[in-house]
Amino acid sequence: MPERLDKFLVSQNVCTRKEAAQLVRRGAVAVNGAPALSPAQKLEPGADRVAVEGREVSYQEFLYIMMNKPAGVLSATEDRHAPTVLDLLPPELRRRGLFPAGRLDKDATGLLLITDDGGFAHRMLAPKSHVYKLYRAGLQRPVTEGDVAAFQAGVAFGGHAYAPARLWPCPEAGEAAAWVEIREGKFHQVKRMFQAVGNQVLTLERRKIGGLLLDSTLPLGACRPLSPEEAGQVFQ
Ligand code: URA
């Protein structure tokens, strides 16, 4: 579907709409090799070639955003009472159709993906994809060898059975901290798995989804777009 040039540049995270108008006015934007005449000019994304200051804009149909989710915001698209992760997006990353791919509890922090690619989210969340998620948990008491064995065998709690998970201590974060790696994404899963062994999660941070690590330079509440290659690491 044809799209306005300025909207195209915003959707590809090149600039804001206002900056697009300035770039066009300066003659810095070319479409199929010819200088663009107006920010309202129509083009066919993916078919027409767009360059800004001589550099070609490689077209990305979908947007993938990594967020370091802070506590206190909901992994939802909208809510009447609490801020959502979409409220934290800077204006240049806002687009129609964005949603969090996989949830983190309101009090949990760390790696959250936001996208407008429904197929990607579906594949990432499908149980048969076996996408592992790595969490660091602050606990009420240190993990024991018995807990490690119980997680390895698969625990059950409140009528739910959880698939085997890897659990190991994280002494650098305190004596009652641990890493846990799960491949399912059931409601409150990590919290309930620790409840199953008589422990309690006090803090929970997601560090990794598949092969994609949380960018350690992203402060809490910040986000950045991912390249398609980075998004693909989820499935590695
Ligand atoms: N498990 C939980 O208990 N909460 C989360 O947010 C994610 C995994």
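Presented here is a report on the structure given in the accompanying data block.

What counts and what doesn't
- Residues numbered from 1 in each chain as written.
- Predicted model: local features only at pLDDT ≥ 70, side-chain atom pairs only at ≥ 80, totals over all residues.
- Heavy atoms only, no water.
- Buried < 20%, exposed > 50% of the residue type's maximum accessible area, 1.4 Å probe, protein only.
- Helix = DSSP H or I, 4+ residues; strand = E, 2+ residues; numbered from the N terminus.
- Contact = heavy atoms within 4.5 Å.
- Pairing = 2+ DSSP bridges.
- Near = heavy atom within 4 Å.
- Polar contact = N/O pair within 3.5 Å; in protein donor to acceptor, adjacent residues only side chain to side chain.
- Areas by Shrake-Rupley, 256 points an atom, 1.4 Å probe, with all protein chains shown as cover.
- Nonpolar A, V, L, I, M, F, W, Y, C, P; charged D, E, K, R; others polar.
- Domains from an automatic or database assignment.
- Core = buried A, V, L, I, M, F, W, Y, C linked by side-chain atoms within 4.5 Å.
- Lys, Arg positive; Asp, Glu negative; His and termini not counted.
- Salt bridge = Lys/Arg side-chain N within 4 Å of Asp/Glu carboxyl O.

What to know about helix H5 (residues 189-196)
Residues three or four positions apart in an α-helix share a direction because the helix packs 3.6 residues into each turn.
Then, number 1: Listing the buried residues of H5 in full gives Gln189, Val190, Lys191, Met193 and Phe194.
Then, number 2: Elements that come into contact with the buried residues of H5 comprise strand S10 (133-139), helix H4 (145-153), strand S13 (166-169), strand S14 (177-182) and strand S15 (201-209).
Then, number 3: One or two steps after H5, the chain reaches Gly198, where phi turns positive at roughly 75°.

A short note on the pairing of S10
Then, number 1: By the criterion of burial, S10 is predominantly enclosed, with six of the seven residues buried.
Then, number 2: Note: S10 against S14, six bridges, orientation antiparallel. Along S14, the bridge assignment pairs Lys133 with Ile182.
Then, number 3: The pairing of S10 with S15 spans seven bridges and is antiparallel. Across the sheet, Lys133 pairs through a bridge with Ile209, a residue of S15.

Considerations on the site of the ligand
Then, number 1: Taken together, Leu104, Asp105, Ala108, Tyr135, His188, Gln189, Val190, Lys191 and Leu204 form the complete shell of residues around the ligand.
Then, number 2: Residue Asp105 places a main-chain N or O atom 2.7 Å away from an oxygen atom belonging to the ligand.
Then, number 3: For the ligand, an oxygen atom lies 3.4 Å from a polar atom in the backbone of Gln189.
Then, number 4: Taken by itself the ligand offers 240 Å² of open surface, and the protein chains cover 95% of this.
Then, number 5: It is H5 that contributes the most residues to the shell around the ligand, three residues altogether.
Then, number 6: Taken together, the residues that form the shell around the ligand break down as five nonpolar, two polar and two charged.
Then, number 7: Looking at which domains feed residues into the shell around the ligand, each of domain 2 (64-127 + 211-235) and domain 3 (132-209) supplies at least three.

Let's talk about the nonpolar core
Then, number 1: Residues Ile65, Leu89, Ile114, Phe151, Val180, Val190 and Phe194 are the most contacted members of the largest nonpolar core, which totals 32 residues.
Then, number 2: Elements that contribute at least two residues to this core include exactly strand S7 (64-69), strand S9 (109-115), S10, S14, H5 and S15.
Then, number 3: Counting contributing residues, this core receives three or more from each of domain 2 (64-127 + 211-235) and domain 3 (132-209).

What about the side chain of Asp117?
Then, number 1: Examined against the element boundaries, Asp117 turns out to sit in the loop between S9 and helix H3 (118-125).
Then, number 2: We note that Asp117 is buried and unpaired, the nearest opposite charge coming from Arg123 at a distance of 7.7 Å.
Then, number 3: Polar contacts involving the side chain of Asp117 include one to the side chain of Tyr64, which spans 2.5 Å.
Then, number 4: Engagement of the side chain of Asp117 in a polar contact is seen with the backbone nitrogen of Gly119, the distance being 3.2 Å.

Notes on the pattern of salt bridges
Then, number 1: Evaluated as defined, the whole model comprises 13 salt bridges.
Then, number 2: In this structure, Asp6 and Arg4 form a salt bridge, with 2.8 Å as the shortest nitrogen-oxygen distance.
Then, number 3: The class of Asp6 is buried, set by a relative accessible area of 4%.
Then, number 4: By relative accessible area, which is 28% here, Arg4 ends up partly exposed.
Then, number 5: A salt bridge links Glu53 to Arg26; the shortest N-O distance between them is 3.1 Å.

Topic: the environment of Pro35
Then, number 1: Assignment of secondary structure puts Pro35 in strand S3 (residues 34-35).
Then, number 2: Distance from Pro35 to Pro225, taken between C-alpha atoms, is 28 Å for residues 190 residues apart in sequence.
Then, number 3: In this structure, Pro35 is in contact with Val29 and Ala30, ignoring residues within four places of it in sequence.

Remember, this is a structural readout, not a statement about activity or role.
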